[in-house]
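So you can see what is in the structure, the chains are spelled out below.
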Amino acid sequence: MKKALLLVLIQFAIAGELCAQSVDQVDAFVRASMERESIPGVSIAVIKDGKPFIVKGYGLANVEHNVAVKPETIFQSGSVGKQFTAFAVMMLVEEGKIGLDDPLSKYIADVPNSWKPLTIRRLLTHTSGLGDYPTNFDLQKDGTEEIIFRELQKMSPTFKQGEKWEYSNVAYVTLGVLIRKVTGRFYGDFLRERVFQPLGMVSTRIISEADIVPNRAAGYRLLKGELKNQEWVAPSLNTTADGSLYTNALDLIRWDEALRAGRILKKRSYDEIWSPVKLNNGSSHPYGFGWELSNINGKRLVEHGGSWQGFKTHIARYVDHKLTVIVFANLAQANQDQIAHGIAQILDPSTKQ
């Protein structure tokens, strides 16, 4: 009996020492990445076997005021926000208010003729033919959602929907307009009431330059090797559904927990979200509804990055490894996906691609 107890205690001690070594290795890796890339601040969260394993901040959230990054520090989501827009759409699908294969014109009648056949599924999966913002689109011109959407409708699809995959911020802006048309509410309000509040995501919200936002980080860029503040964009451009959220590590831990538990949505909706999109020629592309999809040695990885206004964000969910890595950085040139993947490989070498 005593020998068995001693063996258990030894095993716990070894496991504890290995955990401490792993955390030290992650710390060293993150700090080395920051130094190499001149990143002011980084926040990470690692969820292992369903429990937070590492939740830490490194460096500065605000260089001018010498404010340290901490787990509560709020960063801009960039396109990580697209998964929340897609989630909202799927809630409406489950309620029978939207059909994935319905044309956009069923819900927004006054779109251009070239947009009318575009389906909700094609908008969600970046296969609609709509691309990114036009090169002449003025990011510093303010306007209502209606004015922004009217300006974007001057674009025509560049290929037949379903013909290929091409990343489209315009498609997700359109999905935000769709949510308002169907619900009568701004998509950000819909998310707050139906997703963020129920999941306890107390810090996640639509970006506002005017509001007082506790723990808000500043975004930066490198210009000829010198650190500069992020470039200014019109306030209205920071409210669209292509990725205009404030969030932090603590809230994305709650989000990961909800995804793992299959909360709010039904299983068949999650299956849709994480299924590769089928193209017209019968092939598929490894993208679902707001998520990139891949396999590492036959095991699933669902992830997405974000980049906007001097911020970089990444969430990598190694589903079969029961490992999630979340990374925020406040530098436009940061390689946040490499940091996320590097952390995963330290903790589980089998995640190496």
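Draft legend 1. Spatial organisation of the packing of helix 4 (residues 145–152) against helix 5 (residues 169–183). Two elements in contact, helix 4 and helix 5, have axes whose closest approach is 11 Å; the angle formed by their N-to-C orientations is 135°. Compared by their axis directions, helix 4 and helix 5 come out oblique. Relative to helix 5, helix 4 is oriented so that their crossing is left-handed. Between helix 4, through Glu145, Phe149 and Leu152, and helix 5, the contact on the second element is made entirely by Val170, Val173, Thr174, Gly176, Val177 and Arg180. A per-class count over the contact of helix 4 with helix 5 returns five nonpolar, two polar and two charged.

Draft legend 2. Seen up close, the pattern of salt bridges. Counting across every chain of the model gives 20 salt bridges. For Arg36, the salt bridge goes to Glu37, with nearest N and O atoms at 3.9 Å. Of the charged contacts, one joins Lys267 and Asp271 as a salt bridge, the two residues approaching to 2.9 Å between their closest N and O atoms. Linking Lys267 with Asp271, this pair stays in helix 8 (residues 267–273), spanning four residues, or about one helical turn.

Draft legend 3. Region of interest: the sheet that holds strand 4 (residues 75–76). In space, the three strands of this open sheet follow the order 4-8-5, with antiparallel pairing throughout. What marks the edges here is a single partner per strand, and that holds for strand 4 and strand 5 (205–206). Where strand 5 meets strand 8 (residues 245–247), two bridges bridge the pair, whose relative direction is antiparallel. Residue pairing for strand 8: Arg205 is matched across the bridge by Tyr246.

Draft legend 4. Main features of unusual backbone geometry. Within the chain, Asn66 stands out as a residue other than glycine whose phi angle is a positive 55°. Looking at where Asn66 falls in the secondary structure, it is placed in the loop between strand 2 (51–62) and strand 3 (67–68). Although it is not a glycine, Ile264 sits at a positive phi angle of roughly 70°. In this fold, Ile264 is placed in the loop between helix 7 (249–261) and helix 8. A relative accessible area of 36% places Ile264 in the partly exposed class.

Draft legend 5. Layout of helix 9 (residues 336–347). Taking 1.5 Å as the rise per residue, helix 9 with twelve residues should run 16 Å; its terminal C-alpha atoms sit 17 Å apart, in good agreement. Within helix 9, the full set of buried residues consists of Gln336, Ile339, Ala340, His341, Gly342, Ile343, Ala344 and Leu347.

Draft legend 6. Region of interest: the packing of aromatic side chains. Taken as a whole, this structure holds 13 aromatic pairs when the rule is applied. Between Phe84 and Phe196, the ring centres sit 5.6 Å apart and the planes meet at 70°, which makes this aromatic pair edge-to-face. With Phe84 in helix 2 (residues 82–94) and Phe196 in helix 6 (residues 187–199), this residue pair connects regions lying 112 residues apart in the sequence. On the basis of relative accessible area, Phe84 is assigned to the buried category, the value being 2%. Classification of Phe196 as buried rests on a relative accessible area of 3%. Put simply, the rings of Phe84, Phe87, Phe196, Trp255, Tyr270, Trp274 and Trp291 pair up and form one aromatic cluster. When the ring centre of Phe53 is taken as origin, the NZ or CZ atom of Lys48, which lies over that ring, is 4.9 Å away.

Draft legend 7. Local environment of the nonpolar core. The biggest cluster of nonpolar side chains holds 72 residues, and the ones touching the most others in it are Phe87, Ile120, Leu124 and Trp255. For Trp255, the contacting residues outside a window of four places in its chain are Gln83, Phe84, Phe87, Val195, Leu199, Met201, Trp291 and Ile315. If you look at the next biggest cluster of nonpolar residues, it comprises 26 residues, including Val30, Leu323, Val327 and Leu347.

Draft legend 8. Up close: the environment of Phe311. Relative to the helices and strands, Phe311 is located in strand 13 (residues 311–318). Overall, Phe311 belongs to the buried group, its relative accessible area being 3%. Filtering out sequence-adjacent residues up to four positions away, Phe311 remains in contact with Phe75, Gln76, Ala217, Ala218, Gly219, Gln230, Gly306, Ala329 and Asn330.

Draft legend 9. Examining the side chain of Asn238 more closely. Following the sequence through the fold, Asn238 ends up in the loop between strand 7 (226–229) and strand 8. Of note is the side chain of Asn238, whose polar atom sits 2.6 Å from the side chain of Trp308. At a separation of 2.8 Å, a polar atom in the side chain of Asn238 contacts the side chain of Gln309. Not counting the four nearest positions on each side in its chain, Asn238 is found in contact with Gln76, Ile206, Ile207, Glu209, Val233, Ser244, Trp308 and Gln309.

Parameters and conventions
Residues numbered from 1 in each chain as written. Predicted model: local features only at pLDDT ≥ 70, side-chain atom pairs only at ≥ 80, totals over all residues. Heavy atoms only, no water. Axes fitted to C-alpha atoms, helices over the stretch in contact; angles between N-to-C directions. Helix = DSSP H or I, 4+ residues; strand = E, 2+ residues; numbered from the N terminus. Parallel < 35°, antiparallel > 145°, perpendicular 65-115°, else oblique. Left-handed = near helix turned anticlockwise from the far one by under 90°. Contact = heavy atoms within 4.5 Å. Nonpolar A, V, L, I, M, F, W, Y, C, P; charged D, E, K, R; others polar. Salt bridge = Lys/Arg side-chain N within 4 Å of Asp/Glu carboxyl O. Pairing = 2+ DSSP bridges. Buried < 20%, exposed > 50% of the residue type's maximum accessible area, 1.4 Å probe, protein only. Expected span 1.5 Å × (residues − 1). Phe/Tyr/Trp six-rings, centres within 6.5 Å; stacked < 30°, edge-to-face > 60°. Lys NZ or Arg CZ within 6 Å of the ring centre and 35° of its normal. Core = buried A, V, L, I, M, F, W, Y, C linked by side-chain atoms within 4.5 Å. Polar contact = N/O pair within 3.5 Å; in protein donor to acceptor, adjacent residues only side chain to side chain.

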